[in-house]
Amino acid sequence: MRIYVTSLAVGDLTVRGDEHHYLSHVRRARTGDAIELADGAGKRARGVIAKISDADTIVRVDAVEDIVDAPPRVRVLVPLIKGDRMDTCIEKLVEVGVDEIVVWPAVRAVVKLDGARLVSRVEHYQALAQAAARQSGRASIPSVTSAASLAAALAALPAGVRIVLDPAADRGAWPSSEDLTIISGPEGGFAPEEHDALATASFISLGLGPRVLRAETAPVIAVALVRAATQS
């Protein structure tokens, strides 16, 4: 069993809220059960449930260790995708090893959200990212944020290699870098002005093979290829 807590230190830790509900109602944990804890920011520890009640769970925490994610740091800019496929995309990106997800408003995206609806949706995506991180055994939870525009998303990028997924481009070797940004398009593809903006921002076009992949599939495959090439 694995849960996330906001603060992680040796000793007795009181767990309430969603993580307590997960332990007591979803996993039906009992006193004496072993548990793994993470703070979502790279710290992890083993513990044992000392007490569990209707209101909370008390966990006795052993030594805390720092888990350093292997480079590169991988960021994906993904447009809003129709239906449950966006949820699937977020979950699988976390499972294969993305570090950051930025949702951006593509010109040809079928889904258009702004204001409170966008804030609510991004909060939903962040919750999905946490659940996927728990399931896949990650000590850190990838961040999910939104950009007001493509220009805003590009302006916020740090230095590093930048890749645009393009089904018309040749499949080449992934460039080496400590920081890698991958951007994928919506169901209708990139608009011409988006291609121009990405070229100006030094994005390199790469393909993923001879077939055109769905909007929710391409970024997941790309991150998986990066991790497979850079981690033993």
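In this text, all values refer to a predicted model and were calculated from it rather than measured experimentally. (Residues numbered from 1 in each chain as written. Predicted model: local features only at pLDDT ≥ 70, side-chain atom pairs only at ≥ 80, totals over all residues. Heavy atoms only, no water.)

A word on the overall build of the chain
- Along the backbone of the chain there are 6 helices and 11 strands.
- Structurally, the chain occupies a C-alpha span of about 60 × 40 × 30 Å along its principal axes.
- The burial tally for the chain puts 46% of its 232 residues in the buried class.
- Put simply, 69% of the contacts in the chain that link residues at least 6 apart link residues at least 24 apart.
- For the chain, the exposed area adds up to about 11,700 Å²; of that, 51% sits on carbon and sulfur atoms.
- Counting 26 positive and 29 negative side-chain charges, the chain places the centres of these two groups 4 Å from one another. (Helix = DSSP H or I, 4+ residues; strand = E, 2+ residues; numbered from the N terminus. Buried < 20%, exposed > 50% of the residue type's maximum accessible area, 1.4 Å probe, protein only. Contact = heavy atoms within 4.5 Å. Areas by Shrake-Rupley, 256 points an atom, 1.4 Å probe, with all protein chains shown as cover. Lys, Arg positive; Asp, Glu negative; His and termini not counted. Charge placed at Lys NZ, Arg CZ, Asp CG, Glu CD.)

Overview of the sheet that holds strand β11 (residues 204-206)
- One open sheet holds the 6 strands; their spatial order is β8-β7-β6-β10-β9-β11, and the pairing between them is parallel. Edge strands, defined here as strands with exactly one partner in the open sheet, are β8 (143-146) and β11. Neighbour-to-neighbour, the strand axes of the sheet open up by a mean angle of 25 degrees, direction not taken into account.
- Packing of helix α3 (residues 115-136) onto the sheet brings it into contact with β7 (100-104) and β8, and relative to β8 it is tilted by some 165 degrees. (Pairing = 2+ DSSP bridges. Axes fitted to C-alpha atoms, helices over the stretch in contact; angles between N-to-C directions.)

What about the sheet that holds strand β3 (residues 34-38)?
- Taken in spatial order, the 5 strands make up an open sheet running β1-β3-β4-β5-β2, and their pairing is mixed. Every interior strand has two partners, whereas the edge strands, β1 (2-4) and β2 (11-15), have only one. Between one strand axis and the next, the sheet turns through 40 degrees on average, direction left out of account.
- Strand contacts of helix α1 (residues 17-26): β1, β2, β3, β4 (43-52) and β5 (57-66), with the helix running at about 165 degrees to β1, the strand carrying the most contacts.

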